[in-house]
Amino acid sequence: MIISLVRVSALLPGVSKEADKKKSQAKAKIYEKEYVRGSILDRNGNTIAFSQKPGGARTYSHPYAFSNLVGYWSKIYGTYGVEKTMNEELVHSNCGANPKQKKGADVSLTIDAALQERAYKDIEKYKGSVAVLDAKTGEILALASSPSFNVSEIEDKWKKINEKEGVFLSNAYQNPVAPGSVFKLITSKEIVEAGIEREEVEDTGSITVNGQTIRNYGGKAYGSISFREGFVKSSNVYFMNRALKLGGLRLYKTGKSFLLGEDISLDFATIHSNFDLKGYEDNVVATTAFGQGETLVTPLQMAMVTQSIANDGVMLKPYLFKSVVNGKGQTTAEGKSEKLVETMDTDTAQEIKEAMKAAAQSYGMSTVGEKEYSIAAKTGTAERGDGTNNAWLVTFAPADNPQYVIVANRLKTTEIGKTLAPVVEDLYNTLFDAN
């Protein structure tokens, strides 16, 4: 009877998993005494984190820029970030017979350390983030967030670091917020697929739905406008009118086609969003159509949405890990490009691309790189209800042959999305001038 009870308990949900976790932790403690912890490298082989002896202190070459992505390893406070996700690989590996030194595997990221550092410097003075993807592969080239902390001081200043709000939560992929008008990329798909992009809407500056009057940003009225002008002017009235014409169910299905409201499991984290039209009530449908409502999304997921448009409707799965190389110098794992979902057909994507190119020109965005590539873009300014905004800018470049996607946001600000243009332009210049 006792044996039977033990067998049954091992099958209870969570029991076996917890036992495996404790077993793994016990092994790790043993390995830490024998093995030098593996290094974490960027895509070009530059060292981000390394150790010099078994159980020795960790050295971080970019203590602020990578802190809430690479994280930390600490004898006192354990592991966080990539150091935690890849702990099993980093803590030990196959080093062959009689190695001069036992060491864990080296983990190479798809991140460009110089670009990551530049991105962090561009945003370090405010709360916000930047996500940069390769538009054709899905590789994550930068994922910077502010506020940050000095990971090299994690043991000496733990209490002080913890007093700073939000430093352990990356605004780039762990903090979904209201997207504002960058959501119009999604509503645009619905409009174009329905074939009503040439129809005109009379924009008087506001619309009343279920007794609620909803206005354009700044109360502006744009008169008779069709899709392209409605997109460039970022007319809330236009997008509300179109969403109400097509119905809440269609908008819901459109959002779901971009995986909104789904948990998306990536190689380093699971990203979350919120997408709820609450029974398709007209006022909820209207506000959702221009990025208010109940929608919450991360910059990384908006980068995925933008990448799918840039890539003719094919959304690729972002990935962070480039390779894992053991102590014998053998590559034991490699990241690869993977199709996640098809969000739209090529013609629909092209129509939205053209609208984004026209929008970027209207914002006065500069050409980038020595070859003076143009940018395609959409701004967003989500009202938070406390007198501040979430400012957004989603982009890809070159506009005619997209290679990169850059999404930036700034939280709890009085600024608007267009003010993020210098950040995005700086990073594109860094990318194009380096290649």
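Residues numbered from 1 in each chain as written. Predicted model: local features only at pLDDT ≥ 70, side-chain atom pairs only at ≥ 80, totals over all residues. Heavy atoms only, no water.

K.L.:
Even after reading the chapter, I still don't get the packing of aromatic side chains, so can you show me in this structure?
P.N.:
What characterises a pair of aromatic rings is the spacing of the ring centres plus the angle enclosed by the ring planes. Overall, the coordinates contain 18 aromatic pairs when judged by the stated rule. Centroid distance Tyr-31 to Tyr-35: 5.6 Å. Interplanar angle 90°. Geometry classified as edge-to-face. Classification of Tyr-31 by relative accessible area gives partly exposed; the value is 22%. Each ring, one from Trp-158 and one from Phe-168, has its centre 5.8 Å from the other, and the planes form 40°; the classification is tilted. Of this pair, Trp-158 sits in helix 6 (residues 158-162) while Phe-168 sits in the loop between helix 6 and helix 7 (184-193), placing them 10 residues apart in sequence. Counting every residue linked through ring pairs, the aromatic cluster contains Tyr-72, Tyr-77, Tyr-80, Phe-149, Trp-158 and Phe-168. Over the ring of Phe-231 we find Lys-378; its NZ or CZ atom is 5.7 Å from the centre of that ring. (Phe/Tyr/Trp six-rings, centres within 6.5 Å; stacked < 30°, edge-to-face > 60°. Buried < 20%, exposed > 50% of the residue type's maximum accessible area, 1.4 Å probe, protein only. Helix = DSSP H or I, 4+ residues; strand = E, 2+ residues; numbered from the N terminus. Lys NZ or Arg CZ within 6 Å of the ring centre and 35° of its normal.)

K.L.:
For this particular structure, what's the right way to read the sheet that holds strand 8 (residues 140-146)?
P.N.:
In a beta sheet, neighbouring strands are held together by backbone hydrogen bonds and run either parallel or antiparallel to one another. Taken in spatial order, the 5 strands line up as 8-7-21-20-19 in an open sheet, and their pairing is antiparallel. Edge positions in the open sheet fall to strand 8 and strand 19 (376-383), since each of these has one partner strand only. Ignoring strand direction, the axes of neighbouring strands in this sheet form an average angle of 10°. Here strand 20 (residues 389-397) runs beside strand 21 (residues 404-413); their pairing, made up of 8 bridges, is antiparallel. By the bridge assignment, Ala-397 is partnered in strand 21 with Tyr-404. (Pairing = 2+ DSSP bridges. Axes fitted to C-alpha atoms, helices over the stretch in contact; angles between N-to-C directions.)

K.L.:
How do you make sense of the sheet that holds strand 6 (residues 106-109) when you look at a structure like this?
P.N.:
In spatial order, the strands read 3-2-1-6-16-17; together these 6 strands make up an open sheet with mixed pairing. Either end of the sheet is taken by a strand with one partner, and the two such strands are strand 3 (59-60) and strand 17 (331-334). The pairing of strand 6 with strand 16 (residues 321-325) spans 4 bridges and is classified as antiparallel. Within the sheet, the bridge partner assigned to Val-107 lies in strand 16 and is Val-324.

K.L.:
Sorry, what's going on with the pairing of strand 20 here?
P.N.:
Consecutive residues of a regular strand have side chains that alternate between opposite faces of the sheet. Buried residues dominate strand 20, accounting for 9 of its 9 residues. By the alternation rule, side chains of strand 20 split into Asn-389, Ala-391, Leu-393, Thr-395 and Ala-397 and Asn-390, Trp-392, Val-394 and Phe-396, which are all buried. In terms of strand pairing, strand 19 meets strand 20 through 8 bridges, oriented antiparallel. The partner of Thr-381 across the bridge, within strand 20, is Ala-391. Hairpin geometry of strand 19 and strand 20 is characterised by an intervening segment of 5 residues between the two adjacent antiparallel strands and by a positive phi of about 90° at Gly-385. Between strand 20 and the antiparallel strand that follows it, strand 21, lie 6 residues.

Function cannot be inferred from these measures alone, as they are strictly geometric.
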